[in-house]
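# Observations on the three-dimensional arrangement
Below are the chains, spelled out letter by letter.
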Amino acid sequence: MIFTYPKKALLFALLFVFLWPLTPAWAGEKGIVTGSVVNVRKGPGLNFAVVAKAQAGQEVETLEKSGDWLKVRLNSGGTEGWVHKSLVQINTGQKTVKVTGSTVNIRKGPGAGYAKVGQVRSGTLLVVSDEKNGWYLVQAPGGVKGWIAGWYTVVEPVAVQSGTIPEQNGRQYITVTTEVLNVRSGPDTEYPLVTKIGMNEKHPVTAAQGGWYKIAVGDVEGWVCGEYVRLSSEASPENTPLDTVIVTGSTVNIRQQASIEAAVVAQVKKGDRLAVTGRDGEWLEIRLSNGTKGWIVNWLTSPDSPGAASRGTILESEALIAPISEGRNFKIIDSSGRPILLLEGWTSSQYQIKTAKDKNTITLELEGATERNYEGKITRLGISGIKIYSQADKAIIELTFSYAPTQTVSFDDTAKVTRIQIGVVQTAGLSGKIIVVDPGHSSVQPGGWLDPGAIGIKTGLKEKDVNLDIAFKLKRLLEQAGARVIMTHTGQTELSLAERAWLANNSRADIFVSIHANFSDNKKIKISGHSTYYYAPLNNSELSDQRYSRQKLATLVQRELVKAGGRNDLGVLQENFAVLRETRVPSILVETAFLSDSEEETLLGTDSFRQKLATGIFNGIKAYFE
């Protein structure tokens, strides 16, 4: 028997068959917003307009998924829009609690005696991953993980799983999926550039916000857009150290927690090598050869040398992979902070290595043209410029370093692999010296904000950001020359000015260098240029005994600063600054340029000028020790 259907009914049936599989199986499930204030956008991407804002702990209903973005409906008002998946926790059956106290502390351990690591407000929903003695292990908005007292919460029927950072039994990383990726000081393209990283670089994640990830690139922290990275989890590095360090103190305590008040669990001696498994501010979590884990202050250690024997192995990772042509690749390997250049696909007769007159640039001329056109840099490895391009029938790779590199070349023509180990010409005068570098300002103020220092009149450039960048550049140069550098902070600090000086005194530093940018309120007279300060009054016997050394250091740094920066020479001056008065080692304070001068503010906003300033300070320090 043959049945016939009306055309409209048949069309509806066909549409149902084809469209039914497109309905998301999880649509309609509940989620919780984890970012503090999250933009809800019109479409699945950062380029779409913001239609609403969601608060931390707010419940949403999931509707659709597109890549790394979720379409959600806000419970308040029913507004619909898109948020990045890292900022929403999806229901998977875990226990969830709602905060009932007005403002409740998140602590490092399950008890009121543990240090505070964050706070949450009333109404915030939290996922419970562990329980102990009436305390819950939770992940607060912004990625902070810690313990909250159970009596300040009520159990919610909705259960969720965290989609943010980090996991209890592991660490999360991003891997770069684009050729060059900007790392910014905040989670938005409007924040200033901190550094750049390249294809396949891998870095640990410390927080997530608005589709951005906060990562650690060596000593630098910054934010990258989630659209250009791949997020992955790895097992907690119990057996794989992040790095190795050498103990520099004579006998150093290993403590149970990252605090000088914590119990001592072991002691190590000068020259011991330790495997680093974690970091917390100025403390390193380490593992001893017998398996004991504990914490050591980082200024009583120095980075391990790739050439030195170690209890572990030198860690190598691919910092850049650049396919040049079919079957031929150029790679930069990060070997515990030192670069190795790897050529794959050429014999030793199929390339040339040339060094420029400035001795800081290496050019590789490789047989065969390339379609690749690339520009980038890997600041943490001291590579300030990378260019790859084609020239006639050759592929050209230009590498510019922030120092004069040495080259140790080894090759295997059978395998068509060449390995170029990059080293640094050691400066005898700086080798082994302990230098404390103090980026001015960035002190945590009451209320949690940071002292910005002077603010530029033209672009609003903050002195604290300029000082920190120059300090990191100086640190890199000093370490490459064999010195051990101790930073008073790496972005913010609760140390007073006297305590910054105390750090130099107690670490038995050879010198102390504080970096600042200047400012003048005098609108009638244009003031610009470089100046360097020291302090050694004759009525202070302890400081006056160092008068020669302090004045010598200031004079040499000022001389080289003017050479490198090229601005007005305002001279060597003496001033009763706290960091100079309280130090008991030769110390100087460098005023690099004026943020009150529009021309110098513009220069201070450029990476190239800040590198010149760092180089000038470095050359002065080098001359002092020679």
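The present account deals with the structure reproduced in this document. (Residues numbered from 1 in each chain as written. Predicted model: local features only at pLDDT ≥ 70, side-chain atom pairs only at ≥ 80, totals over all residues. Heavy atoms only, no water.)

### Description of the overall build of the protein
When its secondary structure is counted, the protein shows 8 helices and 44 strands. Buried residues in the protein amount to 47% of all 626 residues. Considering only intrachain contacts with a sequence separation of at least 6, the fraction spanning at least 24 residues in the protein is 61%. Roughly 29900 Å² of accessible area belongs to the protein as shown, and the carbon and sulfur atoms make up 50% of that amount. (Helix = DSSP H or I, 4+ residues; strand = E, 2+ residues; numbered from the N terminus. Buried < 20%, exposed > 50% of the residue type's maximum accessible area, 1.4 Å probe, protein only. Contact = heavy atoms within 4.5 Å. Areas by Shrake-Rupley, 256 points an atom, 1.4 Å probe, with all protein chains shown as cover.)

### Some thoughts on the side chain of K473
Structurally, K473 is set in helix α2 (residues 463-480). Looking at K473, the relative accessible area reads 8%, which means it is buried. Engagement of the side chain of K473 in a polar contact is seen with the side chain of D607, the distance being 2.8 Å. Beyond its immediate chain neighbours, meaning those up to four positions away, K473 contacts D607, R610, Q611 and A614. (Polar contact = N/O pair within 3.5 Å; in protein donor to acceptor, adjacent residues only side chain to side chain.)

### Things to note about α2
With 18 residues, α2 should cover 26 Å at 1.5 Å per step; its first-to-last C-alpha distance of 26 Å lies within 8% of that length. The element α2 is largely enclosed, with a buried count of 15 among its 18 residues. (Expected span 1.5 Å × (residues − 1).)

### With respect to the packing of aromatic side chains
Under the counting rule described, the total for this entry stands at 2 aromatic pairs. Where Y533 meets F577, the ring centres are 5.1 Å apart and the plane angle is 70 degrees; that geometry is what we call edge-to-face. Taken together, the residues span a long stretch of sequence, with Y533 in strand β42 (residues 530-534) and F577 in the loop between β43 (569-574) and α6 (578-581) at a distance of 44 residues. Residue Y533 is classed as buried on the basis of its relative accessible area of 14%. Classification of F577 as partly exposed rests on a relative accessible area of 26%. Plain terms: the ring middles of Y624 and F625 are 5.0 Å apart, the flat faces sit at 80 degrees to each other, and that makes the pair edge-to-face. Given the relative accessible area of 17%, F625 is considered buried. (Phe/Tyr/Trp six-rings, centres within 6.5 Å; stacked < 30°, edge-to-face > 60°.)

### A few points about the packing of helix α5 (residues 547-565) against helix α8 (residues 607-625)
In the contact formed by α5 and α8, the axes pass within 7 Å of each other and the chain directions differ by 145 degrees. When you trace α5 past α8, the crossing you get is right-handed. Counting all contacts with α5, which are made through S549, K552, L553, L556, V557, R559, E560, L561, A564 and G565, the residues of α8 involved are F609, K612, L613, G616, I617, N619, G620, I621, A623 and Y624. Residue composition of the contact of α5 with α8, grouped by class: 11 nonpolar, 5 polar and 4 charged. (Axes fitted to C-alpha atoms, helices over the stretch in contact; angles between N-to-C directions. Left-handed = near helix turned anticlockwise from the far one by under 90°. Nonpolar A, V, L, I, M, F, W, Y, C, P; charged D, E, K, R; others polar.)

### Here we look at unusual backbone geometry
Within the chain, K416 stands out as a residue other than glycine whose phi angle is a positive 55 degrees. Mapped onto the fold, K416 is located in the loop between β37 (405-412) and β38 (417-424).

### Considering α5
Spanning 19 residues, α5 covers 26 Å between terminal C-alpha atoms, matching the ideal 27 Å at 1.5 Å per step. Restricting attention to buried positions, one finds in α5 the residues R550, L553, A554, L556, V557, Q558, E560, L561 and G565. G566 sits one or two positions beyond α5 and adopts a positive phi of about 75 degrees.

### A look at the nonpolar core
Soluble globular proteins tend to bury their nonpolar side chains together. Counting residues in each nonpolar core, the largest one holds 42 residues, and the members touching the most others are L478, I617 and I621. Looking at this core, the elements with two or more residues in it are β39 (434-439), α2, β40 (484-487), β41 (511-518), α5, β44 (587-594) and α8. Apart from residues no more than four positions distant in its own chain, I621 is found in contact with L430, I435, L474, L478, I511, V513 and V557. (Core = buried A, V, L, I, M, F, W, Y, C linked by side-chain atoms within 4.5 Å.)

### Overview of the packing of α2 against α8
For any two helices packed against each other, one specifies the crossing angle of their axes together with the interaxial distance. Across the interface, α2 lies against α8 with an axial gap of 9 Å and an inter-helix angle of 50 degrees. One element, α2, and the other, α8, form an angle in the oblique class. Regarding α2 and α8, the two cross each other, and that crossing is right-handed. In contact with V466, D469, I470, K473, L474, L477 and L478 of α2, α8 contributes D607, R610, Q611, L613, A614, T615, I617, F618 and I621. In the contact of α2 with α8, the residues fall into 10 nonpolar, 2 polar and 4 charged. (Parallel < 35°, antiparallel > 145°, perpendicular 65-115°, else oblique.)

### A word on the pairing of strand β27 (residues 293-297)
Counting buried positions along β27 gives 4 out of 5 residues, so the element sits mostly inside the fold. Sheet analysis places strand β26 (residues 283-287) next to β27, joined by 5 bridges and oriented antiparallel. Its bridge partner being in β27, W283 is matched across the sheet by V297. (Pairing = 2+ DSSP bridges.)

### Focus: the pairing of strand β35 (residues 383-391)
Sheet topology note: the strand β34 (residues 374-378)/β35 ladder contains 4 bridges and is antiparallel. By the bridge assignment for β35, G376 is matched with I386. Where β35 and strand β36 (residues 394-401) come together, 8 bridges link them in antiparallel fashion. Looking at β36, one finds that Q391 is bridged to K394. Adjacent in sequence and paired antiparallel, β35 and β36 are bridged by 2 residues, among which A392 carries a positive phi angle near 60 degrees.

### Considering the sheet that holds strand β33 (residues 361-367)
What the 5 strands build is an open sheet, ordered β32-β33-β36-β35-β34; its pairing is antiparallel. At either end of the open sheet lies a strand with only one pairing partner, and these are β32 (351-355) and β34. The sheet shows a mean angle of 15 degrees between the axes of neighbouring strands, direction not considered. Taken together, the 5 bridges between β32 and β33 define a ladder with antiparallel strand orientation. By the bridge assignment for β33, Q352 is matched with E365.

### Observations concerning the sheet that holds β41
Backbone hydrogen bonds are what pair the strands of a sheet, in a parallel or an antiparallel way. Spatially, the 6 strands line up as an open sheet ordered β40-β39-β41-β44-β42-β43, and their pairing is mixed. In this open sheet, the two strands that pair with only one neighbour each are β40 and β43. On average, each strand axis in the sheet is inclined to that of its neighbour by 20 degrees, with strand direction left out of account. With 4 bridges connecting them, β39 and β40 associate as parallel partners. Bridge pairing in β40 places V436 opposite I486. Lying on the sheet, α5 is in contact with β41, β42, β43 and β44; it crosses β42 at an angle near 170 degrees.

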